[in-house]
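Residue strings, one per chain:
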Amino acid sequence: MSRALAVYPGSFDPVTLGHVDIIERAAILFEHVIVAIGVHPTKHPLFSVAERMRLIERVVAHLSNVTVDAFDGLLIEYCAKKNATVIVRGLRATTDFEYELQIAHANADIRPEIDTIFLPSRTKHGFLSASLVREMAGHGGDVSRYAPKLVCDELAAKLEAIKEH
Ligand code: ADP
């Protein structure tokens, strides 16, 4: 295991089994992992930052070296502030790759002492995204194979509440 403090950033709206897999593997590789929710003032997420944080905290409660946080502004400056030396990103398909490579290069340009590590998604999670889970659940689909049970329950409750408005 590396002694590094790693940051795993994302929107996690909501956290999926693909995310959980990356978090569990990063927790084995690094001494400590911060799952960091990037706050975008222009985006309209389904779950609030507080709700997303709480969901992730409960889903990773079995991992003693993982904490959950939120940040706004530049990810790379957040990492520097936390004294993190590694950014973890999950790679699904080649479509992720081009975007991720560009961001990794940009971050390295700003702070070369903080490196980006890519973990390949497991084959079974290769097509999985939070937006797919939201879409499927929104149309009444069963997402229990794609998100932790807790998330599925909260998703159903959230969609029901939206419908009633
Ligand atoms: P999503 O694309 O699901 O909305 P985020 O924007 O929150 O996810 O992405 C956070 C990180 O998790 C990114 O590095 C993304 O590539 C990775 N990720 C998302 N889904 C998966 C998955 N199914 N397998 C592996 N990594 C994933």
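Residues numbered from 1 in each chain as written. Predicted model: local features only at pLDDT ≥ 70, side-chain atom pairs only at ≥ 80, totals over all residues. Heavy atoms only, no water.

Some words on the layout of surface pockets
Step number 1: Taken as a whole, the largest pocket encloses approximately 1200 Å³ of empty space.
Step number 2: Contributing to the lining of the largest pocket are 47 residues, with Pro-9, Gly-10, Ser-11, Lys-43 and Arg-89 lying nearest its centre.
Step number 3: Counting residues per element, the ones that place at least two in the lining of the largest pocket are strand 1 (2-10), helix 1 (17-29), helix 2 (49-59), helix 3 (75-81), strand 4 (86-91), helix 4 (94-110), strand 5 (115-120) and helix 5 (130-138).
Step number 4: Looking at the lining of the largest pocket residue by residue, the class counts come to 20 nonpolar, 16 polar and 11 charged.
Step number 5: What the second largest pocket holds in volume is close to 220 Å³.
Step number 6: The wall of the second largest pocket is formed by 13 residues, among which Ala-137, Gly-140, Gly-141, Ala-156 and Leu-159 lie closest to the centre.
Step number 7: Elements with a contribution of two residues or more to the lining of the second largest pocket: helix 5 and helix 6 (149-164).
Step number 8: A total of 6 residues in the lining of the second largest pocket trace back to one element, the largest contributor, which is helix 6.
Step number 9: Classifying every residue of the lining of the second largest pocket by side-chain character gives 6 nonpolar, 4 polar and 3 charged. (1 Å grid on protein atoms, 1.4 Å probe; cavity = no way out; pocket = protein on both sides within 12 Å on 5 of 7 lines; lining within 4 Å. Points joined across faces, edges and corners; volume = space filled by probe spheres on them. Helix = DSSP H or I, 4+ residues; strand = E, 2+ residues; numbered from the N terminus. Nonpolar A, V, L, I, M, F, W, Y, C, P; charged D, E, K, R; others polar.)

Looking at the site of the ligand
Step number 1: Not every one of the 17 residues close to the ligand is listed here, only the nearest: Tyr-8, Ser-11, Gly-90, His-125 and Ala-130.
Step number 2: One nitrogen or oxygen atom from the side chain of Tyr-8 is found 2.6 Å from an oxygen atom belonging to the ligand.
Step number 3: Taking Phe-12, its main chain carries an N or O atom lying 3.0 Å from an oxygen atom of the ligand.
Step number 4: Considered on its own, the ligand offers 530 Å² of accessible surface; in the complex 90% of this is hidden by protein.
Step number 5: Counting residues per element, the ones that place at least two in the shell around the ligand are strand 1, helix 1 and strand 4.
Step number 6: For the shell around the ligand, the class distribution of residues is 6 nonpolar, 8 polar and 3 charged. (Near = heavy atom within 4 Å. Polar contact = N/O pair within 3.5 Å; in protein donor to acceptor, adjacent residues only side chain to side chain. Areas by Shrake-Rupley, 256 points an atom, 1.4 Å probe, with all protein chains shown as cover.)

Considering the sheet that holds strand 2 (residues 30-38)
Step number 1: Here we have 5 strands laid out as an open sheet, ordered 3-2-1-4-5, and parallel in their pairing. Two strands in the sheet have a free side with no partner beyond their single neighbour: strand 3 (66-71) and strand 5. Strand-to-strand, the axes of this sheet are offset by a mean angle of 30 degrees, without reference to chain direction.
Step number 2: The pairing of strand 1 with strand 2 spans 7 bridges and is parallel. Counted as the bridge partner of Tyr-8 is Val-35 from strand 2.
Step number 3: Its contacts with the sheet place helix 1 against strand 1, strand 2, strand 3, strand 4 and strand 5, and it is angled at close to 145 degrees to strand 2. (Pairing = 2+ DSSP bridges. Axes fitted to C-alpha atoms, helices over the stretch in contact; angles between N-to-C directions. Contact = heavy atoms within 4.5 Å.)

Notes on the packing of aromatic side chains
Step number 1: For the coordinates displayed, the defined rule picks out 3 aromatic pairs.
Step number 2: Ring centres 5.2 Å apart and planes at 75 degrees place the aromatic pair Tyr-8 and Phe-12 in the edge-to-face group. Residue Tyr-8 shares its accessibility class with Phe-12, and that shared class is buried.
Step number 3: Ring geometry for Phe-127 and Tyr-146: centres 5.7 Å apart, planes at 85 degrees, overall edge-to-face. Remark: Tyr-146 occurs in the loop between helix 5 and helix 6 and Phe-127 occurs in the loop between strand 5 and helix 5; sequence separation between them is 19 residues.
Step number 4: Taking relative accessible area as the criterion, Tyr-146 reaches 11% and is therefore assigned buried. (Phe/Tyr/Trp six-rings, centres within 6.5 Å; stacked < 30°, edge-to-face > 60°. Buried < 20%, exposed > 50% of the residue type's maximum accessible area, 1.4 Å probe, protein only.)

Describing the side chain of Thr-116
Step number 1: Secondary-structure assignment places Thr-116 in strand 5.
Step number 2: Among residues more than four places away in sequence, those in contact with Thr-116 are Ile-87, Arg-89 and Ala-104.

A look at the pattern of salt bridges
Step number 1: Tallied over the entire structure, the rule returns 11 salt bridges.
Step number 2: In this structure, Glu-160 and Lys-163 form a salt bridge, with 3.9 Å as the shortest nitrogen-oxygen distance. Here the residue Glu-160 and the residue Lys-163 both occupy positions in helix 6, the gap between them amounting to 3 residues, near one helical turn.
Step number 3: Within the structure, one salt-bridge network assembled from shared partners comprises Glu-77, Arg-111 and Glu-113. (Salt bridge = Lys/Arg side-chain N within 4 Å of Asp/Glu carboxyl O.)

As far as function goes, none of this settles anything; it's purely spatial.
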